[in-house]
Structures are given as structure tokens and as C-alpha cells.
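Each chain, letter by letter, is given below.
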Amino acid sequence: MAESPDSRSLVSASSQLNLMEIEPIDDKEFDIPQLDTPPTLESILNECSGKDQNQALRLCLGTTVTGAECGAVSALSINHDCTWLLCGFAKGQITMWDLANGKLLRTITDAHTPGTAILHFKFTDNTTLAVCNDSGGSVFELSFRRVMGMRTCESRCLFSGSKGEVCCVEPLHAGPELKDHPITQYSLLAMASLTKILLIGLKPSLKVWMTFPYGKTDPASVPLLAWQFVAVQKAINPVLAFCRGDGIHFLLVKKDESGTIHVIRQRQLQLSCDLISLSWINPRTLVLMDITEKLRVEDRPSQEELETVDVAKLQLVYNSSHFKSLATGGNISQALALVGERACYQSVCSYASQIIYLGTKSVHIMTLRNWREHVDHLLKQEKFMEALSLAWCFHEGTAKAVLGLFADPAKRKGVVADKMVEILLQYVDRSLKKCPEHGKIQVMEQHFQDMVPVMVDYCLLLQRKSPSCRQNSSDLSRHGLHKTSEGVLWYLAPRHKQQILEVLNSFRQLVLLFVKESLLQVFEFLIRLHSVEAEQEEVYPYIRSLLHFDTQEFLNVLALTFEDFKNDKQALEYQQRIVDILLKVMVDNSDFTPSQVGCLFTFLARQLAKPDNTLFVNRKLFDQVLEFLCSPDDDSRHTERQQVLLELLQVGGVVQFDEGCLLDLAEKVLSNLRVYV
């Protein structure tokens, strides 16, 4: 969880609020203290502007006269296009304001049960339709019209408090992208009483009236409701989360092809504490507040608690006085008054990925870090292993409480792969800066044993599993993977020429990664070392290590690299130099098996068979190539060797070889095959 930077300065220094120590509330607690000289509006504005130049009071709705007549404001609601504001008061009055100019549009006194406070106002997605819940437990639909220039408000009772007091209401809201969803046309409304959940459709075309009991609960537990559109079985439908106590229930609402509405109970989320606030922050994640004022981030699919944050220092504002109807004589049931001790409905507001909390002396915005911020937070602490691990979870789609990533897997993997390359580069840079410059080679080797395997593992993972990294060498260059591996070589070369050859000889997997990503750059590095300072005894063991690790893979990548060579003198000389090194290393060394040497000869034969071939191989080695291709004692790779020999013949690659000897070799192969058959 991240706290809004703008609100940190508003955090109260007061001690934590203990609910068990609250004294009985009376009217005096909410009296406004008398001041010798009441502040003017100008003085308030001057004080605000002195603290924050960006703050400005735009509108002041109502007067102290309104406050004296109506009591405190107990509920607020703004319609979805932000043109109207509904205000409900502790003594039951209702006002509507124009937010463009601050004009009072309506004063309503007869829309709900007389003598009761307004607990909730909620606009629906229909700008002219709202619902009202009063402290008598009744719920009313308010329809705003303008007839012959007159503004009117028609009220219809949806639920009477005599049947069980409703404590909160929540209409289903859909964003612009879901405005055509088949469920939204019915204007669904959820209502929570002290004993059950009620679900109805405000439109006449839908006759839905369903009830769902809570089960056993604490009498003081607060009913809670929250809607969210969730993808279930490849379809997006609204899900209602409701609870009273320590268990959260989920109802999936969907419409089938026949037009029938189905309400399906989903798996329950059981907690270890009672809740006072329930909010969705995305389709997978819930942010809850328990009675000890701890925020709990819950992943719904796995039912895992991801994080807990103590926010008792906020001193959250509770709605006790309104639920007790103190402004109207306390004419409500004891049960509703008891629930009011924990009710904080008007003090918590969620929007998109943010939740706003109202404290007695401060306002706070809480939000989950998006995926990139979460990774960067770990990087700032130099927790590279944790950052890479978390990023890989984002890449594979297994992370929880994810914000800011594409739903499309290919796009998601592409974005995260780029971030992981960035992390790897930072990790290599940090590791190299901490590399010991002097001392025993064992110390340096241990340093790289701690660093290199992790880098290798993630580079290989990205190459194998990320669509954006499984492309040709140009794509790899674009994603910077070759820079990650080359960085180790190029950074160390000027400082540790001798040591790098000894150390990297122990890390053949990393070396092979260099080859796979950018073989040309690796050979440039090796030849540079050789031509400047290094002796053959230094360079050749390193190349031997490359070839020993995976000869065929090495030569396959080398063949692709040769295809990218430019046809100029320098490139041809460079290509010849590489071939000479490979022949010197493998032919003069008994460590390689015949099969490994055969791989090299097959590679050379294919290169020599090319029409534009300029490579030179001395006669002795050339003979060895042909003898290998026609070896009667080796029945492995027979088809491939035969094809290479035919290619050599077609391009005139054997003009210097005695044809009679070649025929003898071929006949021996055929004789061996007949015996075998």
C-alpha cells in the first residue's frame, strides 16, 4: 500500500483510537465551539493559500442558517457527470446544488420518512435517478424531473424500515466501457439490512427481489456492500461482495441467452476479524478495514492476505450521531444505534484504484502501487533478487494485486520483459562496481558465482518464454539482452584481462548465452585480447570451454552469425581468423570426442560448399574433412554427411582431391552399409 504524498503532511500525531474506550456520545460532543471572533472567509482562504499555493476555495454551498435549521450534513452524492450534488442532513432535509455555479436547485422535505436523518445518498448511472436511505431503515427512489420549467422530485418507497432496517445501499455502476453490458440496463440496487441482503432492479422491466442471510453475526457488526465487474469463465459480469462480521460473501449476476437473470453464490472469504469497511480496488483485490482499524489487502481468487497496514492514527470518523438520530430525538431502534458505533460509510470512498479515508484531523488517499512502482520500490532498496522474482511473476501472470498491466498476455510479457532487462542491467552494473579489483582470484570467482547464475537464469528464461525476446539477433539487441552479457566482458576486460579468462571458464552457461545473443561481439572481444596482450594459452582455453559446453549449438549459432557478415575484406579476414582459431583449438586437442570434431568438420564442409565461399583450409585439414564425411566406421549423422559431400561435389569443392581416393572412401561406406543391412 502507498500513502498519497500530498496527504502525508496531514497525518495526525494523536495517539491511536481505541474503540473500547469511547464514551457514550451526546449532542455536546458535536457542538461547534464558540469563538470570540469568528473567522471570515477571506482569512480562511489566506491561511490555506499560505500553506499550499495550489489550493483555492471554489464554492461555499449553504450558510450557517442552513446548518442551524437542518443540522449537520450527513450524506453526499455527486452524479456521474459531476453536474449535481445531493446533500442529506441530520434532520432529514435534502438539497440539490449545481456544481457549475453553486446554485441551489432543489430543497426537498417530503421524500422520505419524516423525522429521520439521511444515512446514504447514491446516484445511479442514470443522472436523474438516485436512492436515499434514512435512519428509519427505509429506502426510497428519487426521480428528478423538470416539467414546464419547474424542477420536481418524485419519491417511491423501495423498502420500508418496518420490515427490517436497511443500513446501507449500493447501486451497480458501470464504466463507459461497460455501458452496453446487458445487466446495466436494469439499474440493479443492493440493500443491506441487519439480517439480510436484498437485491432489486429499479427498472420496471426487471422484477428481481432476492434475499440472502448473513448467518451468525455480532449485533454491533456493520453491513457492507461493494460491486465490481469481474471476468468469470471468459465473461465479464457484476459481482456483489457483502458481509456483516468476519465472512465476505460473493454473488455473481449474469444474464443468459434467453434473457433470464441468474444470481449465483460464489465461494466465501472467511476472515479472522469483523470488518467496518469493504472496497474493491480491482477485480481480483479487496481492501478491507477491521474493527481495530487495520487495512487488509486480500487476493480474492487465492484468498491470500497480501498486506496489512495499521491506520489507527487516522482516527477515522464514525457516523454514530446520525445512526442514533440525535438531531431528531433519537427515534430509532437500539439495534441500529448499536451498529452506528462502527459505521463509517461516509468516511470511506473508493474510486478506481484509490481509496480515500476521512480522519478527525486528516484526509488520506491509499492506493496499491502499480506493478512498475512495486518493482522500483524493491530496486531502491537494492533488493535485486526480490525485484526479479516479482517481475517474473508479473511476466507469467501469477502475481496478485496487479495494477497497470495489459490483460493481453503478449503485451504484458513484452512490457515486463523490457523492465526485467532494465533490472538485469542495473544488477550487473551494481555487481561489477562491487567487484574486488585486487586480491586472490578465488575472491573474484566467488563474487561472480553469487551474481552470474541469477543473471543467466533470467536471461535464458526471457529468451525462452517471452515472445518479444524469441526473435532474431536484431530483436535481442533491441531488448538489450546482449548488452547485459557483454557488459560483464567489456567492463572487466580493461581491468582483469587475465582473471576474466580464468573466471569465465567456470561459467560456461553464461558464455554460451553470450554466443547465442551476439557471437560476433564475443569473438571480437577474444581476438582483441589475443591481438593486444593475451597469449594463445590464455585465449584458447576459453574457446575450448565454449566448444566443450555444447559444440553443436555453438556451431549452429556461428553459422547464423557468418550469414550476417558483410562481404568486405575486413569481414572476410575476420571470418577466416575465427575458423583458424576453431581448427587450432579442436584439431590439436585430444579433449574433444570424435563426434565433437565431426560437428566442426560438418560445419566447415557446409561453409566450403557455399558458392561465394572465400574460406581457406589447408590440404591436411581439408583431407580430414572429407575422410570424416566418408568414414565407414561412423554410422552417425549419415544422411547429413552424405548431403554435405554432395554439396561439395556440386560446387566443385573437391577439385584438389584425388577422385580415385574419394571413390574408394565412398565404396567403403557403401560396403559397410550393406553389411549393416
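Residues numbered from 1 in each chain as written. Predicted model: local features only at pLDDT ≥ 70, side-chain atom pairs only at ≥ 80, totals over all residues. Heavy atoms only, no water.

Trainee: For the overall build of the chain, give the residues involved together with the corresponding values.
Mentor: A tally of helices and strands in the chain yields 19 helices and 25 strands. Restricting the contact set of the chain to residue pairs at least 6 apart, pairs at least 24 apart contribute 57%. (Helix = DSSP H or I, 4+ residues; strand = E, 2+ residues; numbered from the N terminus. Contact = heavy atoms within 4.5 Å.)

Trainee: Please provide a residue-by-residue account of the layout of surface pockets, values included.
Mentor: Space inside the second largest pocket adds up to approximately 850 Å³. Contributing to the lining of the second largest pocket are 27 residues, with A231, P283, R284, V402 and A407 lying nearest its centre. Going through the elements one at a time, β14 (224–232), α6 (384–396) and α7 (409–433) are the ones with two or more residues in the lining of the second largest pocket. Of the residues forming the lining of the second largest pocket, the biggest block, three residues, is contributed by β14. Partitioning the lining of the second largest pocket into residue classes produces 17 nonpolar, six polar and four charged. (1 Å grid on protein atoms, 1.4 Å probe; cavity = no way out; pocket = protein on both sides within 12 Å on 5 of 7 lines; lining within 4 Å. Points joined across faces, edges and corners; volume = space filled by probe spheres on them. Nonpolar A, V, L, I, M, F, W, Y, C, P; charged D, E, K, R; others polar.)

Trainee: I'd like a description of the environment of S350, backed by residues and values.
Mentor: Residue placement: S350 occurs in strand β23 (residues 348–351). Assessed through its relative accessible area of 37%, S350 is described here as partly exposed. In this structure, the C-alpha to C-alpha distance between S350 and I365, residues 15 residues apart in sequence, is 9.4 Å. Setting aside chain neighbours within four positions, we find S350 in contact with S279 and I355. (Buried < 20%, exposed > 50% of the residue type's maximum accessible area, 1.4 Å probe, protein only.)

Trainee: Please give an account of the pattern of salt bridges that cites residues and values.
Mentor: Following the criterion strictly, the structure yields 13 salt bridges and no others. Across the pair D299 and R284 runs a salt bridge, and its minimum N-O distance is 3.2 Å. Note that D299 is positioned in strand β21 (residues 294–299) and R284 in the loop between β19 (275–282) and β20 (285–290), a separation of 15 residues in sequence. For D299, a relative accessible area of 0% corresponds to the buried category. Residue R284 is classed as partly exposed on the basis of its relative accessible area of 35%. Its salt-bridge partner being D376, residue K419 comes within 2.6 Å of it at the nearest N-O pair. With K419 in helix α7 and D376 in helix α5 (residues 371–380), this residue pair connects regions lying 43 residues apart in the sequence. The network of salt bridges with shared partners includes D218, D274 and R342. (Salt bridge = Lys/Arg side-chain N within 4 Å of Asp/Glu carboxyl O.)

Trainee: How would you sum up the packing of α5 against α6? Please name residues and give values.
Mentor: Contact geometry of α5 with α6 gives a least axis separation of 8 Å together with a crossing angle of 165 degrees. Here α5 is positioned roughly antiparallel relative to α6, judged by the angle of their axes. Of the two possible hands of crossing, α5 and α6 adopt the one that is left-handed. Here α5 contributes W371, H374, V375, L378 and L379 to the contact with α6, which in turn contributes F384, E386, A387, L390, A391 and F394. Residue classes in the contact of α5 with α6 are distributed as nine nonpolar, one polar and one charged. (Axes fitted to C-alpha atoms, helices over the stretch in contact; angles between N-to-C directions. Parallel < 35°, antiparallel > 145°, perpendicular 65-115°, else oblique. Left-handed = near helix turned anticlockwise from the far one by under 90°.)

Trainee: Can you explain unusual backbone geometry? Please cite residues and give values.
Mentor: Of note in this structure, Q303 is not a glycine but carries a positive phi near 60 degrees. Topologically, Q303 is positioned in the loop between β21 and β22 (304–310). With a phi close to 50 degrees, Q315 is a non-glycine residue in the positive phi region. Relative accessible area serves as the criterion here: at 12%, Q315 is assigned to the buried category.

Trainee: Provide a residue-level description of the sheet that holds strand β3 (residues 84–89), including the pertinent values.
Mentor: One open sheet holds the four strands; their spatial order is β2-β3-β4-β5, and the pairing between them is antiparallel. Each having just a single partner strand, β2 (73–78) and β5 (104–108) make up the two edges of the open sheet. Pairs of neighbouring strands in the sheet enclose a mean axial angle of 15 degrees, with direction left out of account. Bridge count between β2 and β3: five bridges; the pairing is antiparallel. (Pairing = 2+ DSSP bridges.)

Trainee: Give a description of the confidence of the model for the chain that names residues and reports values.
Mentor: Residues of the chain with pLDDT of at least 70 account for 71%, and the chain-wide mean is 75. Long-range and interchain partners of residues 470–518, a stretch whose pLDDT sits below 50, account for 129 contacts in this model, where long-range means more than four residues apart. (pLDDT = per-residue confidence, 0-100.)

Trainee: Now, about the sheet that holds β22: what can you tell me, with residues and values included?
Mentor: The strand order across the open sheet built from four strands is β19-β20-β21-β22, with neighbouring strands paired in antiparallel fashion. Bordering the open sheet on either side are β19 and β22, each of which pairs with just one other strand. Strand-to-strand, the axes of this sheet are offset by a mean angle of 20 degrees, without reference to chain direction. Bridge count between β19 and β20: six bridges; the pairing is antiparallel. Across the sheet, the residue bridging to N282 is T285, located in β20.

Trainee: Before we move on, could you go through the pairing of β23 and cite the residues and values that matter?
Mentor: Pairing geometry for β23 and strand β24 (residues 354–358), over four bridges, is antiparallel. Bridge pairing in β24 places Y351 opposite Q354. Connecting β23 to the next strand, β24, in antiparallel fashion are two residues, including A352 with a positive phi near 55 degrees.

Trainee: Could you give me a rundown of the environment of C243, with the residues and numbers involved?
Mentor: For C243, the location among the structural elements is in strand β15 (residues 235–243). Considered as a pair, C243 and I197 are 46 residues apart in the sequence and their alpha carbons are 9.0 Å apart. Setting aside residues up to four positions removed in sequence, C243 forms contacts with Y214, V222, P223, L224, I248, L275 and L278.

Trainee: Account for the side chain of N319, naming residues and giving values.
Mentor: Examined against the element boundaries, N319 turns out to sit in the loop between β22 and α3 (320–323). Here Y345 takes part through its backbone nitrogen, which lies 2.9 Å from a polar atom of the side chain of N319. Residues contacting N319, with those up to four places away along its chain left out, are G340, A343, C344, Y345 and Q346. (Polar contact = N/O pair within 3.5 Å; in protein donor to acceptor, adjacent residues only side chain to side chain.)

Trainee: Outline the packing of aromatic side chains, supporting the account with residue identities and numerical values.
Mentor: Within this structure, the stated rule accounts for seven aromatic pairs. Arranged with centres 6.3 Å apart and planes meeting at 45 degrees, the rings of F123 and F144 form a pair that is tilted. Here F123, found in strand β6 (residues 118–123), pairs with F144, found in strand β8 (residues 139–147); they are 21 residues apart in sequence, far enough to count as distant. This pair shows no difference in class: F123 is buried, exactly as F144 is. Linked through ring pairs, W84, F123 and F144 together constitute an aromatic cluster. Geometry around W84 places R106 over its ring, the cationic atom sitting 5.4 Å from the centre. Taking NZ or CZ as reference, R300 lies 4.4 Å from the ring centre of F250, over its face. (Phe/Tyr/Trp six-rings, centres within 6.5 Å; stacked < 30°, edge-to-face > 60°. Lys NZ or Arg CZ within 6 Å of the ring centre and 35° of its normal.)

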